[in-house]
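Structure assessment
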Amino acid sequence: NEWMFLFSLVCSGEIFELKAELNSDKKEKKKEAVKKVIASMTVGKDVSALFPDVVNCMQTDNLELKKLVYLYLMNYAKSQPDMAIMAVNTFVKDCEDPNPLIRALAVRTMGCIRVDKITEYLCEPLRKCLKDEDPYVRKTAAVCVAKLHDINAQLVEDQGFLDTLKDLISDSNPMVVANAVAALSEIAESHPNSNLLDLNPQTINKLLTALNECTEWGQIFILDCLANYTPRDDRESQSICERVTPRLSHANSAVVLSAVKVLMKFMEMLPKDLDYYGTLLKKLAPPLVTLLSAEPELQYVALRNINLIVQRRPEIMKHEMKVFFVKYNDPIYVKLEKLDIMIRLASQANIAQVLAELKEYATEVDVDFVRKAVRAIGRCAIKVEQSAERCVSTLLDLIQTKVNYVVQEAIVVIKDIFRKYPNKYESVIATLCENLDSLDEPEARAAMIWIVGEYAERIDNADELLESFLEGFHDESTQVQLQLLTAIVKLFLKKPTETQELVQQVLSLATQDSDNPDLRDRGYIYWRLLSTDPVAAKEVVLAEKPLISEETDLIEPTLLEELICHIGTLASVYHKPPSAFVEGSRGVQHKRLPCSAGSVDSPETSSTAGVSDAPPAVIPSQGDLLGDLLNLDLTPTTTGPPPPAVSTGMQLGAMDLLGGGLDSLCDTLVCDLQIGAGFGAAPAAMPASFGAPGSGGLDDLFDLGSGVGMPMGAYSPPKSVWLQAMKAKGLEISGTFARRAGVIQMEMTLTNKAMSVMTDFAIQFNRNSFGLSPAGPLQVLTPLSPNQSIEVALPLNTSGPVMKMDPLNNLQVAVKNNIDVFYFSCQYPISMLFVEDGKMERQIFLATWKDIPNENESQFQIKDCHLNAVSNKLQGSNIFTIAKRTVDGQDMLYLSVKLTNGIWVLAELRIQAGNPNYTISLKCRAPEVSQCVFQSYEAVLKN
């Protein structure tokens, strides 16, 4: 305490001395005193007590002293707001000083003082500075508007500063233009729906003119702004690219990456057969290569961006493989990134060169790098089929080195090569088995166990090898335990007489001695399969495996498009969209590349008269699928009302959960995921008003002119097999869905391929996305004799329980007869749910289209479509035409559909005369249905 007291005395003495010096009559002494105050403030000392004395020093003509005082004010104004008001008069006075540097300094400082009381005094000086004759003052004032907007957005809008800022884009000075663009971009980020940067060809021309003359950071602001513009057509896109291309030779790497971002985006609109397209590809490579000669940190940023570019357009860097070869003094993070790009660029032309490099890397001392290099050899084998044999030979050479971690990585990648090329390289298994004892990493042990189990019939002592792993079963990782369980079951199915004791041992360890639920459940399923139906077990466990894909680590296309729009930012380094790491609402709007298949109309303003529909109810998430299906009441109903969708009075004890029927269930529970593309296009804007159907070359095609066309029948897909006889003890079910007179029907053909008669049929659905359920019992009135087929039509309603499925139109069904209960899944066309009252009024359509946000819009291509009377064909499936118009030789239909659950989906269908490819834009408040709706449009138009 004594020391603290002494320290406070020293500090108070020092402040007293500074106070005296600040009030000195000598200018030099004053300046030195202010410098001491700033120095104390910089090292963290509290000198706020000197606030009034420092403010008194503002009244000076000395620019250096004024700068120091302003610096002090910016730091302490927030903690001393009442005292800061004292400085306002000086600020206002300085804003009218003859020296432009002082005017700019005053307005900059006022913008940095984040005190509400001062902002109202700032408005008038700022207005004058925005129209100042000196460009240096104007460019400073432009940035000040953005700062003031951050403090008080309403004040900026009320005072009309945003309009003044927009006017500055037409300023004669390029730096003023750049700062105006930067300020507007910053404000637009915090208010994504404000449409402040209303870019049009005239504005773009002004920005491109300013681009050549402003500073490097100004160029970055302008290029980033250009990247948000969507050109009208490929000619405008080419023109912009030609004027941006010189920026690629800039010394600043940030300018280069911003230019690359603009070019990558606008290239999407250029036809690939255009000469300029090829020229542009050649011009993009050298600047990216040059970035790799910078310091390691910049190299890494460049490599992360190149990784994205190569995934989108590998042809840009295909001749530049050598620049990605690793140097001995590269940091590990640069080495790993270069390795990744090398694999992406690997092709038949350069694979020999790449493999020689990778083999060299595998003898390095850095363990992580060596592991990655060995994996890269395996990825080359999978990607370039012609090199597979050479890759396997290289991996065998590496295994012979007996370096432990090299051997283990090699075994992991050889397992993948076996998956990609079955029955081709199995001769190396003997070499792999020699290294069994050296494996100590879970992934390598699991890979070796998989190889032994998969090729057990070719390995004489497979049972001994697997038994050696079984000795320490409880000490193994879960990954190894699961793989060992499956491998021994495979071995038993291939050599049942020799391995019965081994399979019983592993099933006992997995089900009775294990606490892991995954392992225990898999053990029980295998046990039940083997004990009830070994033939079914063989079909499940030894089923043919799908080939692994060439590139398993590619970024998902929609995300890749968004990241390409963020080249040169943190998003391109993290390989994550800004929304994943930026908190709050700023900077998280999703961006997309423009559509290359034609121009996009710009929206026209109009009154949004009409009432938009309320958003539909949220579909709940998918729950416990197995429990739902096994809890279904499948007793046939002969009299009385239709059965409920899911029975509440279910007796679970009466059914053996792991007994008959599970083999069918195992196959049907794994549903194919349909990944929807189509978010890669810019939104098509809605016109403000619809004209009457014009007379164009496509009148007959639309059949809108005369109004006498009759709607065609609703589209119904052909029947397909839903349940195979071999999986349902002789019962085969094929079927389709149809909508007839407003009633959804499930039309099925039941065929008995067994030797016994089938009776007592009943059907039940699992909960699904749109609440589909049977409207009555399954009417099979006569017994189904062997080799007999019967046609059944089951009416459906949409009043059942709802649960979101994946894919959305997936339907899981349980069918019961006198033999057993069988399960299968099928997909219904969503057009079955399009209701008859789905025609929207024009004004309501227009208002709804504008009300639905652009993020909810999806664009798709319908290819190879040759037909007449589009409108009538669509109307037959309850897709109603609201209006038609012709723009630039393109005919556009505006359509609406309504689903049974009240969801409206609006569409714009664009058709070019003589072009068989149609473009359709869908807008909906529940965008997850767009993919299924597009598939229905495509099916209706193409069938």
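Residue numbering note: each chain is counted from 1, following its sequence as written. In keeping with the model being predicted, local features are shown solely for residues with a pLDDT of at least 70 and side-chain atom pairs are shown and tallied solely at 80 or more, while totals for entire chains, interfaces and linings include all residues. Here the side-chain values reflect all heavy atoms present in the structure, with hydrogen atoms and water set aside.

1. Some thoughts on the overall build of the protein
Broken down by element type, the protein carries 38 helices and 13 strands. We call a residue buried when its accessible area falls under 20% of the maximum for its residue type, exposed when it is over 50%, and partly exposed in between, using a 1.4 Å probe and counting protein chains only. Burial analysis of the protein (943 residues in total) assigns 51% to the buried set. Residue pairs in contact within the protein that sit at least 24 positions apart in sequence constitute 70% of those at least 6 positions apart. Surface summary for the protein: the accessible area is close to 43,000 Å², and the carbon and sulfur share equals 51%. Each helix is a run of H or I in the DSSP string that is no shorter than four residues. Each strand is a run of E no shorter than two, and both are numbered from the N terminus. In this analysis, two residues are considered to be in contact whenever any of their non-hydrogen atoms come within 4.5 Å of each other. To be clear on the numbers: accessible area is Shrake-Rupley with a 1.4 Å probe, and residue cover counts the displayed protein chains and nothing else.

2. Points about the nonpolar core
In globular proteins that are soluble, nonpolar side chains generally tend to be buried together. Ranked by size, the top nonpolar core spans 208 residues in total, and within it Tyr72, Leu73, Val244, Leu358 and Phe418 carry the most contacts. Looking at which element gives the most residues to this core, the answer is helix H27 (residues 478-494), with ten residues. Residue contacts for leucine 358: discarding those within four places in its chain leaves Leu339, Met342, Ile343, Ala373, Ala376, Ile377 and Cys380. Formed by 65 residues, the second largest nonpolar core is a distinct cluster that contains Phe765, Leu874, Ile903 and Val933. Buried Ala, Val, Leu, Ile, Met, Phe, Trp, Tyr and Cys residues that are joined via side-chain atoms within 4.5 Å together make up what is termed a nonpolar core.

3. Details of the side chain of asparagine 252
Counting through the fold element by element, asparagine 252 comes out in the loop between helix H15 (234-244) and helix H16 (253-266). When its relative accessible area of 12% is taken as the criterion, asparagine 252 is described as buried. One polar contact links the side chain of asparagine 252 to the main-chain amide nitrogen of alanine 254, over a distance of 2.7 Å. Polar contact is defined as a pair of N or O atoms within 3.5 Å, subject to the rule that within protein one atom must be able to donate a hydrogen and the other to accept it, and that residues adjacent in sequence are counted only when both atoms are side-chain atoms.

4. A look at the sheet that holds strand S10 (residues 880-887)
The five strands are arranged S9-S13-S12-S11-S10 in an open sheet whose pairing can be described as antiparallel. Strands with a single pairing partner mark the edges of an open sheet, and in this sheet they are strand S9 (857-862) and S10. Strand-to-strand twist in this sheet, taken as the mean axis angle between neighbours without regard to direction, amounts to 20 degrees. A pair of strands is labelled paired if DSSP reports no fewer than 2 bridges between them. Relative to strand S13 (residues 918-924), S9 runs antiparallel, the two being bridged by six bridges. The residue of S13 that forms the bridge with glutamine 861 is threonine 919. Helix axes are fitted only over the stretch in contact, all axes being lines through C-alpha atoms; the angle between N-to-C directions runs from 0 to 180 degrees. With respect to the sheet, helix H36 (residues 842-851) is in contact with S9, S10, strand S11 (890-898), strand S12 (904-912) and S13, its orientation differing from that of S12 by roughly 95 degrees. Where helix H38 (residues 930-942) meets the sheet, it contacts S9, S11, S12 and S13, and its direction lies at approximately 25 degrees from that of S9.

5. Considering the packing of aromatic side chains
Pairs of aromatic rings are described using the distance from one ring centre to the other and the angle between the two planes. Each pair of aromatic rings taken from Phe, Tyr and Trp, with Trp reduced to its six-membered ring, is defined by centres within 6.5 Å and is described as stacked if the planes are under 30 degrees apart, edge-to-face if over 60, and tilted in the remaining cases. Inspection of every chain in the model, using the stated rule, returns twelve aromatic pairs. For the pair tyrosine 421 and tyrosine 425, a centre-to-centre distance of 6.1 Å together with 85 degrees between the ring planes defines the contact as edge-to-face. Taken together, the ring pairs in this structure connect Trp722, Phe737, Phe824 and Tyr828 into an aromatic cluster. Comment: the charge-over-ring label is applied if NZ (Lys) or CZ (Arg) is within 6 Å of the ring centre and within 35 degrees of the ring normal. The side chain of lysine 335 reaches across the aromatic face of phenylalanine 369, ending 5.2 Å from its centre.

6. Some details on the pairing of S12
Looking along a regular strand, one sees side chains alternate from face to face of the sheet. By the criterion of burial, S12 is predominantly enclosed, with eight of the nine residues buried. Pairing between S11 and S12: nine bridges, direction antiparallel. By the bridge assignment, glutamine 890 is partnered in S12 with glutamine 912. Between the end of S11 and the start of S12, which pair antiparallel, lie five residues, with glycine 902 showing a positive phi angle near 90 degrees. Relative to S13, S12 runs antiparallel, the two being bridged by six bridges. When the bridges of S13 are listed, arginine 910 appears paired with threonine 919. In this antiparallel pair of consecutive strands, S12 and S13, the connection spans five residues, and glycine 914 shows a positive phi of 85 degrees.

7. Quick word on helix H31 (residues 557-564)
If you check which residues of H31 are buried, you get Leu560, Glu561, Glu562, Leu563 and Ile564. On its buried face, H31 is in contact with H16, helix H18 (296-312) and helix H32 (570-574).

8. Structural notes on the packing of helix H7 (residues 100-112) against helix H9 (residues 135-151)
At a minimum axis separation of 8 Å, H7 and H9 run at an interaxial angle of 10 degrees. Classed by the angle they form, the pair H7 and H9 counts as roughly parallel. Every residue of H9 that contacts H7 at Pro100, Leu101, Arg103, Ala104, Val107, Arg108, Gly111 and Cys112 is listed here: Tyr136, Val137, Thr140, Ala141, Cys144, Lys147 and Ile151. Think of it as three bins: nonpolar holds Ala, Val, Leu, Ile, Met, Phe, Trp, Tyr, Cys and Pro, charged holds Asp, Glu, Lys and Arg, and polar takes everything else, Gly as well. Partitioned by chemical class, the residues of the contact of H7 with H9 number ten nonpolar, two polar and three charged. Angles are sorted into four bins: roughly parallel if under 35 degrees, roughly antiparallel if over 145, roughly perpendicular if 65 to 115, and oblique for all others.

9. Side note on unusual backbone geometry
Here the bond from aspartate 806 into proline 807 is cis, since omega is 0 degrees, no more than 30 degrees from zero. Tracing the sequence through the fold places proline 807 in the loop between strand S6 (789-797) and strand S7 (810-816). One non-glycine residue with positive phi stands out, namely asparagine 787, at about 65 degrees.

10. Focus: the side chain of threonine 245
Considering the arrangement of structural elements, one finds threonine 245 in the loop between H15 and H16. Threonine 245 sits in the buried class, given a relative accessible area of 10%. Side-chain polar atoms of threonine 245 contact the backbone oxygen of cysteine 241, separated by 2.5 Å. Other than its neighbours up to four places away in sequence, threonine 245 contacts Leu263, Tyr276, Leu280 and Lys283.

11. Concerning helix H20 (residues 351-361)
Within the sequence span of H20, burial applies to Ile351, Val354, Leu355, Leu358 and Tyr361. Angularly, the buried residues of H20 cover 120 degrees about the axis, an arc narrow enough to put them on a single face. Opposite the buried face of H20, by more than 90 degrees, sit the exposed residues Ala356 and Glu360. Residues of H20 that are buried make contact with helix H19 (332-345), helix H21 (367-383) and helix H22 (388-400). The arc refers to the directions leading from the helix axis to the C-beta atoms.

12. Focus on the pattern of salt bridges
When a carboxyl oxygen of Asp or Glu lies within 4 Å of a side-chain nitrogen of Lys or Arg, that pair is called a salt bridge. In this structure the tally under the stated criterion is 33 salt bridges. Across the pair arginine 375 and glutamate 443 runs a salt bridge whose closest N-O atoms are separated by 2.7 Å. On the criterion of sequence distance, the pair formed by arginine 375 in helix H21 and glutamate 443 in helix H25 (residues 442-454) is long-range, its members being 68 residues apart. Residue class for arginine 375 comes out partly exposed when judged on its relative accessible area of 29%. Residue classification places glutamate 443 among the partly exposed positions, given a relative accessible area of 35%. Note that lysine 884 is salt-bridged to aspartate 891, the shortest N-O span being 3.4 Å. Residue classification places aspartate 891 among the buried residues on the basis of a relative accessible area of 3%.

13. Looking at the sheet that holds strand S2 (residues 731-740)
In spatial order, the strands read S1-S2-S3-S6-S5; together these five strands make up an open sheet with antiparallel pairing. At either margin of the open sheet sits one strand with a lone partner, and together these are strand S1 (720-723) and strand S5 (773-774). Judged from the ten bridges that link them, S2 and strand S3 (residues 743-752) form a sheet pairing that is antiparallel. Counted as the bridge partner of phenylalanine 737 is methionine 746 from S3.

14. A few points about the packing of H15 against H16
For the pair H15 and H16, the least separation of the axes is 10 Å and the interaxial angle reads 160 degrees. Accordingly, the angle class assigned to the pair H15 and H16 is roughly antiparallel. Where H15 crosses over H16, the two elements pack in a sense that is left-handed. In this structure, H15 contributes Ser237, Ile240, Cys241 and Val244 to the contact, and H16 contributes Ala259, Val262, Leu263 and Phe266. Split by residue class, the contact of H15 with H16 holds seven nonpolar, one polar and no charged. Note on convention: the crossing is left-handed when the near helix lies turned anticlockwise from the far helix by less than a right angle, right-handed when the turn is clockwise.

15. A look at the state of the cysteines
Between two cysteines, a covalent bond joining their sulfur atoms is known as a disulfide. Any cysteine sulfur atom paired with another within 2.5 Å is treated as part of a disulfide. Going through the model one piece at a time under the given rule, you end up with zero disulfides. Sulfur of cysteine 112: no disulfide; nearest cysteine sulfur belongs to cysteine 144 and is 7.5 Å away.

16. Re a negative patch on the surface
On the surface, Glu464, Glu467, Glu471 and Glu501 cluster together into a patch of negative charge. Following the sequence through the fold, glutamate 464 ends up in helix H26 (residues 462-470). Overall, the relative accessible area of 53% leaves glutamate 464 in the exposed class. Patches here: salt-bridge-free residues with over 30% relative accessible area, like charges joined within 9 Å, nonpolar side chains (Val, Leu, Ile, Met, Phe, Trp, Tyr) joined within 5 Å. By the counting rule applied here, Lys and Arg register as positive and Asp and Glu as negative, while His and the ends of each chain are not counted. Charged groups are reduced to one reference atom each: NZ for lysine, CZ for arginine, CG for aspartic acid, CD for glutamic acid.

17. Considerations on the environment of leucine 63
Looking at the element boundaries, leucine 63 is found in helix H4 (residues 63-76). Contacts of leucine 63, omitting those with residues within four sequence positions, involve Leu101, Ile102 and Leu105.

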